[in-house]
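# Reading the structure
What follows is the residue order along each chain.
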Amino acid sequence: MGAFTPWRGAKEVSGVAFVVAQEVPTSSSMAVPHGPAGVGQARRRMREQLRDRGMSDAVVDDAVLILSELLSNACRHGRPLGRAEIGDGDVRAAWEVDPAGRLTVEVTDGGGPTRPVPATPSITARGGRGLNIITSLAQDWGVRDSASGEVTVWVLVTEGHRRDDFATRVNVPELDFTDTFDDLG
């Protein structure tokens with residue numbers, strides 16, 4: 001991570017066009033406080049950088065939602081990183097656009113008592129749907145463990161993977177209300 005790709009824009013002054021080169025990052029990494037405080041800042045930074053990079057609104061929206069879910073899971077289930085170079089009590093959020101335009105989003109925490117796996121929450125559960133949402137939005141995702149106990153959840157987001165209707169992308173178990181309504185009659 002850390003490479004930059006030039007972006008060129010045109011600016012017209014007194015009838016003369018000038019080409020303006022700006023450095024648009026192809027990757028970014030940031031420390032986020034272990035808790036809800038830094039999630040909004042991370043979302044805003046990602047949205048701004050991906051838009052500046054020319055990513056489509058659909059990919060940017062999905063990536064920002066994925067980042068939120070990953071950070072929420074890291075804060076709920078993982079321990080904070082405790083290394084001085086990251087910042088004591090933080091988790092690390094990172095994203096990178098490869099030369100083919102594929103976006104990888106990663107969140108690293110200090111590990112936890114459980115592995116990140118999609119849950120099967122009840123219909124009334126207040127949580128437990130994050131990794132199912134990510135599975136619906138992403139082309140692929142997975143988990144990397146380090147020897148020091150850190151856990152990184154990575155997600156690959158690509159153009160064209162997203163469907164138009166979010167509801168068709170989320171796997172919800174079949175619901176059968178027949179018995180419930182039969183009892184009312």
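Everything that follows concerns the structure shown earlier in this document.
So, here is what we can say about the structure in this document. From a predicted model like this one, the values you see are computed outputs, not experimental measurements.

### Some details on the overall build of the protein chain
Assigned secondary structure in the protein chain consists of five helices and seven strands. For the protein chain, the succession of helices and strands along the chain, N to C, is β-β-β-α-α-β-β-α-β-β-α-α. The burial tally for the protein chain puts 37% of its 185 residues in the buried class. Counting only contacts in the protein chain whose residues sit at least 6 apart along the sequence, the fraction spanning at least 24 positions is 58%. When the accessible surface of the protein chain is split by element, carbon and sulfur atoms take 51% of a total near 11,200 Å².

### Some thoughts on the sheet that holds strand β4 (residues 90-97)
Overall, antiparallel pairing links the five strands, which are arranged β3-β4-β5-β7-β6 in an open sheet. Both edges of this open sheet fall to β3 (27-33) and β6 (140-145), since each of them pairs with a single strand only. Adjacent strand axes in the sheet meet at a mean angle of 15° when their direction is disregarded. Of the pairings in the sheet, the one linking β4 to strand β5 (residues 103-109) comprises six bridges and is antiparallel in character. Residue pairing in the sheet places arginine 92 in a bridge with threonine 108 of β5.

### Concerning the side chain of threonine 108
Structurally, the position occupied by threonine 108 is in strand β5. A distance of 2.7 Å separates a polar atom in the side chain of threonine 108 from a polar atom in the side chain of threonine 152. Excluding residues within four positions of it along the chain, threonine 108 makes contact with Leu81, Val91, Arg92, Glu150, Val151 and Thr152.

### Some points on the packing of helix α2 (residues 57-77) against helix α3 (residues 130-137)
Where α2 meets α3, the closest approach of the two axes is 10 Å, and the angle between their N-to-C directions is 155°. The orientation of α2 with respect to α3, classified from their angle, is roughly antiparallel. Along this stretch, α2 crosses α3, giving a crossing that reads as left-handed. Within the contact between the two elements, α2 uses Asp62, Leu65, Ile66, Glu69, Leu70 and Asn73 and α3 uses Gly130, Leu131, Ile133, Ile134 and Leu137.

### Structural notes on helix α1 (residues 39-52)
Each α-helix winds once per 3.6 residues, and so residues spaced three or four apart point in a common direction. Spanning 14 residues, α1 covers 20 Å between terminal C-alpha atoms, matching the ideal 20 Å at 1.5 Å per step. Here α1 has its buried residues at Val39, Ala42, Met46, Gln49 and Leu50. Down the axis of α1, the sector holding all buried residues measures 105°, keeping them to one side. Turned more than 90 degrees away from the buried face of α1 sit Arg44 and Glu48, all of them exposed. Looking one or two residues past α1, glycine 54 carries a phi angle of roughly 90°, positive in sign.

### Digging into the environment of arginine 43
When you line up the elements, arginine 43 lands in helix α1. The class for arginine 43 is partly exposed, based on a relative accessible area of 31%. Sequence-wise, arginine 43 and alanine 93 are 50 residues apart; in three dimensions their C-alpha atoms are separated by 10.0 Å. The residues contacting arginine 43, other than those within four sequence positions of it, are Val64, Leu67 and Ser68.

Calculation rules
- In this numbering scheme, every chain counts its residues from 1 along its sequence in written order.
- Local features in this predicted model are restricted to residues whose pLDDT is 70 or higher, and side-chain atom pairs enter the listing and the counts only when it is 80 or higher, whereas totals over whole chains, interfaces and linings include all residues.
- Where side-chain values are given, they derive from all heavy atoms of the structure, hydrogens and water being excluded.
- Helix numbers and strand numbers start at the N terminus; a helix is a DSSP run of H or I with at least 4 residues, a strand a run of E with at least 2.
- Under the scheme applied here, a residue whose accessible area is under 20% of the maximum for its type counts as buried, over 50% as exposed, and between as partly exposed, the area being computed with a 1.4 Å probe on protein chains only.
- By definition in these notes, contact holds between two residues if any of their heavy atoms fall within 4.5 Å.
- Here, Shrake-Rupley sampling with a 1.4 Å probe gives the accessible areas, and only protein chains in the shown set may cover a residue.
- Two strands qualify as a pair provided DSSP detects at least 2 bridges between them.
- Angles run from 0 to 180 degrees between N-to-C directions of axes, and those axes are lines fitted to C-alpha atoms, restricted for helices to the stretch in contact.
- Whenever a nitrogen or oxygen atom comes within 3.5 Å of another N or O atom, the pair is scored as a polar contact, on the condition that within protein one atom can donate a hydrogen and the other can accept it, and that pairs from neighbouring residues in sequence are kept only if both atoms are in side chains.
- Note that the term roughly parallel is reserved for angles under 35 degrees, roughly antiparallel for angles over 145, roughly perpendicular for angles of 65 to 115, and oblique for everything else.
- Should the near helix be turned anticlockwise from the far one by less than a right angle, the crossing is left-handed, and should it be turned clockwise, the crossing is right-handed.
- Any helix carries an expected span of 1.5 Å times its number of residues minus one.
- When we speak of the arc, we mean the arc of directions from the helix axis to the C-beta atoms.

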